[in-house]
Amino acid sequence: MSDETTGSAAPVTGAAEPDSRPAPRCLRLLLSVAGVVLALDVVTKVLAVKLLTPGQPVSIIGDTVTWTLVRNSGAAFSMATGYTWVLTLVAVGVVVGIFWMGRRLVSPWWAIGLGMILGGALGNLVDRFFRSPGPLRGHVVDFLSVGWWPVFNVADPAVVGGAILLVALSLFGFDFDTTGRRRSPSADEAESS
């Protein structure tokens, strides 16, 4: 029976209409990247704690690159060391924000950048929740020292790299919830005339 004979007034949707559901492929990519970063971060921190002694750097390339076990109660570069619980809440907010954005995500490049940030944030959150001195106040394990740069872990360059990627995508006109580059209003007007 056709819609005409049943009296149904339900509109028939065509394939040309945009899909309002989240792009599962981009969401899977985001979660996969985050999972890889999180796994690498957790495994390397466990190994660092097991194999390294605090205050005794192990040389990789002279004194320039070393394994150096440090427990960081603050943010990057040991800033805000007295506000560990605030940093934990900010990281939780970042994680929630990324999950919110992930529902509308259609750009694979944004998925990669957000996945890097999510994995890094979760890696450091694991330390904040499960390492001493206790939940919300745990110290993050850092173990890689390169030259004059502060000691860091796998999560740190993942967060920084993801942020740089997202800034570059924004500057070049790529949005997380649209495909392709943003177009200027004048380009849209010229195309319609």
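Rules of the game
Residues numbered from 1 in each chain as written. Predicted model: local features only at pLDDT ≥ 70, side-chain atom pairs only at ≥ 80, totals over all residues. Heavy atoms only, no water. Helix = DSSP H or I, 4+ residues; strand = E, 2+ residues; numbered from the N terminus. Expected span 1.5 Å × (residues − 1). Buried < 20%, exposed > 50% of the residue type's maximum accessible area, 1.4 Å probe, protein only. Contact = heavy atoms within 4.5 Å. Pairing = 2+ DSSP bridges. Axes fitted to C-alpha atoms, helices over the stretch in contact; angles between N-to-C directions. Left-handed = near helix turned anticlockwise from the far one by under 90°. UniProt positions renumbered as here; feature names shortened; annotations may be inferred. Polar contact = N/O pair within 3.5 Å; in protein donor to acceptor, adjacent residues only side chain to side chain.

Digging into helix H2 (residues 24-51)
For step 1, the next point in the chain: Over its 28 residues, H2 runs 40 Å from end to end, which matches the ideal 40 Å to within 8%, given 1.5 Å per residue.
For step 2, the next point in the chain: All buried positions along H2 are accounted for by Cys-26, Leu-30, Val-33, Ala-34, Val-37, Asp-41, Lys-45 and Ala-48.
For step 3, the next point in the chain: Tucked into the core, H2 has its buried residues touching strand E2 (65-72), helix H3 (84-102), helix H4 (108-130), strand E3 (140-146) and helix H5 (155-171).

Some points on the sheet that holds strand E1 (residues 58-61)
For step 1, the next point in the chain: Read across the sheet, three strands follow the order E1-E2-E3 without closing on themselves; strand pairing throughout is antiparallel. Two strands lie at the open edges of the sheet, namely E1 and E3, each paired on one side alone. Adjacent strand axes in the sheet meet at a mean angle of 35 degrees, parallel and antiparallel pairs treated alike.
For step 2, the next point in the chain: When E2 meets E3, the two strands line up antiparallel, connected through six bridges. When the sheet's bridge partners are listed, Arg-71 is paired in E3 with Val-141.
For step 3, the next point in the chain: Strands E2 and E3 of the sheet are contacted by H2, whose axis makes an angle of about 85 degrees with E3.

What about the packing of H3 against H4?
For step 1, the next point in the chain: Where H3 meets H4, the closest approach of the two axes is 9 Å, and the angle between their N-to-C directions is 150 degrees. Of the two elements, H3 crosses H4, and the hand of that crossing is left-handed. Contacts between H3 and H4 involve Thr-84, Leu-87, Thr-88, Ala-91, Val-92, Val-94, Val-95, Ile-98, Phe-99 and Met-101 on the former and, on the latter, Trp-110, Leu-114, Ile-117, Leu-118, Ala-121, Leu-122, Leu-125, Arg-128 and Phe-129.

Some remarks on the environment of Leu-144
For step 1, the next point in the chain: In this structure, Leu-144 sits in strand E3.
For step 2, the next point in the chain: For Leu-144 and Pro-57, which are 87 residues apart along the polypeptide, the C-alpha to C-alpha distance reads 9.4 Å.
For step 3, the next point in the chain: Excluding residues that lie within four positions of it along the chain, Leu-144 makes contacts with Ile-60, Val-65, Thr-66, Trp-67, Thr-68, Pro-150, Val-151 and Phe-152.

Digging into the UniProt feature "active site" (unreviewed entry) in the chain
For step 1, the next point in the chain: In the UniProt entry, the feature "active site" (unreviewed entry) is given for Asp-142 and Asp-156.
For step 2, the next point in the chain: Judged by its relative accessible area of 3%, Asp-142 falls in the buried class.
For step 3, the next point in the chain: If near-sequence neighbours (up to four positions away) are discounted, Asp-142 is found in contact with Thr-68, Leu-69, Val-70, Asn-72, Val-151, Phe-152, Asn-153 and Asp-156.
For step 4, the next point in the chain: Here Asp-156 is to be found in helix H5.
For step 5, the next point in the chain: The exposure class assigned to Asp-156 is partly exposed, which follows from its relative accessible area of 24%.
For step 6, the next point in the chain: Side-chain polar atoms of Asp-156 contact the side chain of Asn-124, separated by 3.4 Å.

Brief notes about the side chain of Asp-127
For step 1, the next point in the chain: Mapped onto the secondary structure, Asp-127 falls in helix H4.
For step 2, the next point in the chain: For Asp-127, a relative accessible area of 2% corresponds to the buried category.
For step 3, the next point in the chain: A distance of 2.9 Å separates polar atoms of two side chains, one belonging to Asp-127 and the other to Lys-45.
For step 4, the next point in the chain: Non-local contacts of Asp-127, meaning those with residues more than four positions away in its chain, are made with Lys-45, Gly-138, His-139, Val-140 and Val-141.

Here we look at unusual backbone geometry
For step 1, the next point in the chain: Of note, the amide linkage connecting Ser-132 to Pro-133 takes the cis form, showing an omega dihedral of 15 degrees.
For step 2, the next point in the chain: Mapped onto the elements of the fold, Pro-133 is located in the loop between H4 and E3.

Quick look at the UniProt feature "transmembrane region" (unreviewed entry) in the chain
For step 1, the next point in the chain: In the numbering used here, UniProt assigns the "transmembrane region" (unreviewed entry) feature to residues 29-48, 82-102, 109-126 and 146-174.
For step 2, the next point in the chain: Across residues 29-48, the secondary structure splits into 100% helix and 0% strand, with the terminal C-alpha atoms separated by 28 Å.
For step 3, the next point in the chain: The annotated region residues 146-174 carries 59% helix and 3% strand content, and the separation between its end C-alpha atoms amounts to 33 Å.

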